[in-house]
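Fold and contact review
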Amino acid sequence: MIVRLTDAWAEILRRRAASSTGAYPLPVQALLGEMAAAGVLMQSNIKFRGSLILQVFGDGPVKLAVAEIQSDLSLRATATLKGEVPADAGLSAMLNVHGQGRCAITLDPKDRLPGQQPYQGVVPLTDECDQKMNKLSDALQHYMRQSEQLETTLVLAADDKVAAGLLIQRLPVKGMANLAGQQPGEAELYEAEMYEHYNRIATLAASLKREELLTLDVETILRRLFWEEKLQRFEPFVGETAPRFACTCNRDRVARMIQGLGEVEAKEILAERGAIMVDCEFCGAHYRFDAIDAAQLFTTPGAKPPSSPSIQ
Ligand SMILES: [Zn+2]
């Protein structure tokens, strides 16, 4: 599976650049783009009915990076920074300075039952030998191998224009049970042969360079990597079905968040600033609740929050 985000990725970067925080430093663009591409590949791969949320909790200047992909492949992404990100910062310098960096993969079902928790898996950004990982793909590969019990190879790359990724996964062999009843050793032989095929394909895929993934079109990449293989290509997702930027924020959600703060704190903010203002970190939408809006949130129990439009 191969993904190349261009318009969706440009939209995410454009909105961030237009926000009060300003554009992401280049290394953060690379990280977040890789997360967006990986998230799309993982969501398409498991076809989960709900959101797939990829999060990195860092202990360096990148505190948090999030990429969220819905089942229709609409996506959004954001990162929270604190302090300077060096222009040449790698993964460790950004978010694994003290070896405390973590990557979490959350599957949040669309129709979650009351009390049901989303499923979450967490992987460290250090390997078995306690060495810090240099690539996000290493952590995600590790997660996918563990959670799906399937051999996985992941190649990711992103810059200020493209976020791209290539995923190779060994599918479970169909009909293994039938083979098992036949000639002694036949199933094992077949298994070994399939493993050899996977290994060859995975090695070819892993040879793909960052620069190639970013600059070449899909056709050329496939031809370069697998020119000796018999290829069967599936229809690419385009237009409405392609990965695209979309934010799931809305005024009702912000209202519920303010209700969650409690009346005392809400009143404190109002007294101090005259209004409660919330900016969506994903899309930059502004939500403003003045004293009257806020009073309604706390005085009418169960009432729907006021639905004045937000300013995009
Ligand atoms: Zn938003």
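Residues numbered from 1 in each chain as written. Predicted model: local features only at pLDDT ≥ 70, side-chain atom pairs only at ≥ 80, totals over all residues.

Quick notes on the sheet that holds strand E2 (residues 50-57)
Counted only if it meets this: We call two strands paired when DSSP finds no fewer than two bridges between them. Secondary structure counts use DSSP, requiring at least four H or I residues in a row for a helix and at least two E residues in a row for a strand, with both numbered from the N terminus. Working definition of a contact: two residues with C-beta atoms, positioned from the backbone, lying within 7 Å. Simply put, an axis is a line fit to the C-alpha atoms, just over the touching stretch for a helix, and the angle between two N-to-C directions goes from 0 to 180 degrees.
Taking strand neighbours across the sheet as the criterion, the six strands line up as E6-E5-E2-E3-E4-E9 in an open arrangement whose pairing is mixed. Of all the strands in the sheet, the pair left with one neighbour each is strand E6 (119-124) and strand E9 (244-245). Note that strand E5 (residues 102-109) and E6 share six bridges and pair antiparallel. Across the sheet, Ala104 pairs through a bridge with Val122, a residue of E6. This element, helix H4 (residues 136-148), spans E5 and E6 of the sheet and lies at about 130° to E6.

Re the nonpolar core
Rule in force here: Joined through C-beta atoms within 7 Å, a set of buried Ala, Val, Leu, Ile, Met, Phe, Trp, Tyr and Cys residues constitutes a nonpolar core. Labels follow a simple rule on C-beta atoms placed from the backbone: if 20 or more others lie within 10 Å of a residue's own, it is buried; if 12 or fewer, it is exposed; otherwise it is partly exposed.
One finds Leu32, Met35, Ala36 and Ala37 to be the most contacted residues of the largest nonpolar core, which totals 56 residues. Considering every element that reaches this core, the biggest residue donor is helix H2 (residues 26-46), with 11 residues. Leave out the neighbours within four places in its chain, and Ala37 touches Val3, Leu5, Leu156, Ala158, Ala163, Ala164 and Gly165. If you look at the next biggest cluster of nonpolar residues, it comprises eight residues, including Ile258, Ala266, Tyr287 and Ala294.

So, the environment of Arg273
Locating Arg273 in the fold gives a position in helix H10 (residues 263-273). Put simply, Arg273 and Ala294 are 21 residues apart on the chain and 13 Å apart in space, counted from C-alpha to C-alpha.

Observations regarding the domain arrangement of the protein
Put simply, the test is: The domain boundaries here were taken from an automatic or database domain assignment. Note that Gly is not counted as nonpolar here; it falls among the polar residues with everything else outside the nonpolar set of Ala, Val, Leu, Ile, Met, Phe, Trp, Tyr, Cys and Pro and the charged set of Asp, Glu, Lys and Arg.
As assigned here, the protein comprises domain 1 (2-245) and domain 2 (252-299). Here the C-alpha centroids of domain 1 and domain 2 sit 36 Å apart. Opposite the five residues of domain 1 that make contact, domain 2 presents four residues. Of all the elements in the fold, those that place two or more residues in the side of domain 1 that touches domain 2 are helix H1 (7-18) and strand E4 (74-81). Here the residues of the side of domain 1 that touches domain 2 sort into one nonpolar, two polar and two charged.

Re helix H9 (residues 251-261)
Short version of the rule: Taking the helix axis as origin, the arc is that swept by the directions to the C-beta atoms.
Buried residues of H9: Val254, Ala255 and Ile258, and no others. Take H9 and look down its axis: the buried residues cluster within an arc of 105°, on one side only. Pointing more than 90 degrees away from the buried face of H9 are the exposed residues Asp252, Arg256, Met257 and Gly260. Buried residues in H9 make contact with H10, strand E10 (275-279), strand E11 (286-290) and helix H11 (291-299). Where H9 ends, the next residue or the one after it, Gly262, has phi of about 100°, a positive value.

Side note on the pairing of strand E7 (residues 152-158)
Across the seven residues of E7, seven count as buried, placing the element largely inside the fold. Burial of the side chains of E7 extends over both faces: Thr152, Leu154, Leu156 and Ala158 are buried on one face and Thr153, Val155 and Ala157 on the other. In terms of strand pairing, E7 meets strand E8 (residues 163-169) through seven bridges, oriented antiparallel. Paired with Ala158 across the strands is Ala163, a residue of E8. Adjacent in sequence and paired antiparallel, E7 and E8 are bridged by four residues.

Things to note about the packing of H10 against H11
Here is the rule: We call two directions roughly parallel when the angle between them is under 35 degrees, roughly antiparallel when it is over 145, roughly perpendicular when it lies between 65 and 115, and oblique otherwise.
The geometry of H10 relative to H11 is characterised by a closest axis approach of 11 Å and an angle of 175° between their N-to-C directions. Relative to H11, H10 is oriented roughly antiparallel. Between H10, through Glu263, Ala266 and Leu270, and H11, the contact on the second element is made entirely by Ala291, Ala294 and Phe298. Tallied by class, the residues present in the contact of H10 with H11 amount to five nonpolar, no polar and one charged.

So, unusual backbone geometry
One non-glycine residue, Lys47, lies in the positive phi region at around 50°. When you line up the elements, Lys47 lands in the loop between H2 and E2. Assessed through the 7 C-beta atoms surrounding it within 10 Å, Lys47 is described here as exposed. Phi is positive for Asp130, close to 65°, though the residue is something other than glycine. One can find Asp130 in the loop between E6 and H4.

Digging into the sheet that holds E7
Taken in spatial order, the three strands line up as E1-E8-E7 in an open sheet, and their pairing is antiparallel. Either end of the sheet is taken by a strand with one partner, and the two such strands are strand E1 (2-5) and E7. In this sheet, neighbouring strand axes are inclined to one another by 5° on average, regardless of whether the strands run parallel or antiparallel. Lying on the sheet, H2 is in contact with E1, E7 and E8; it crosses E8 at an angle near 40°.

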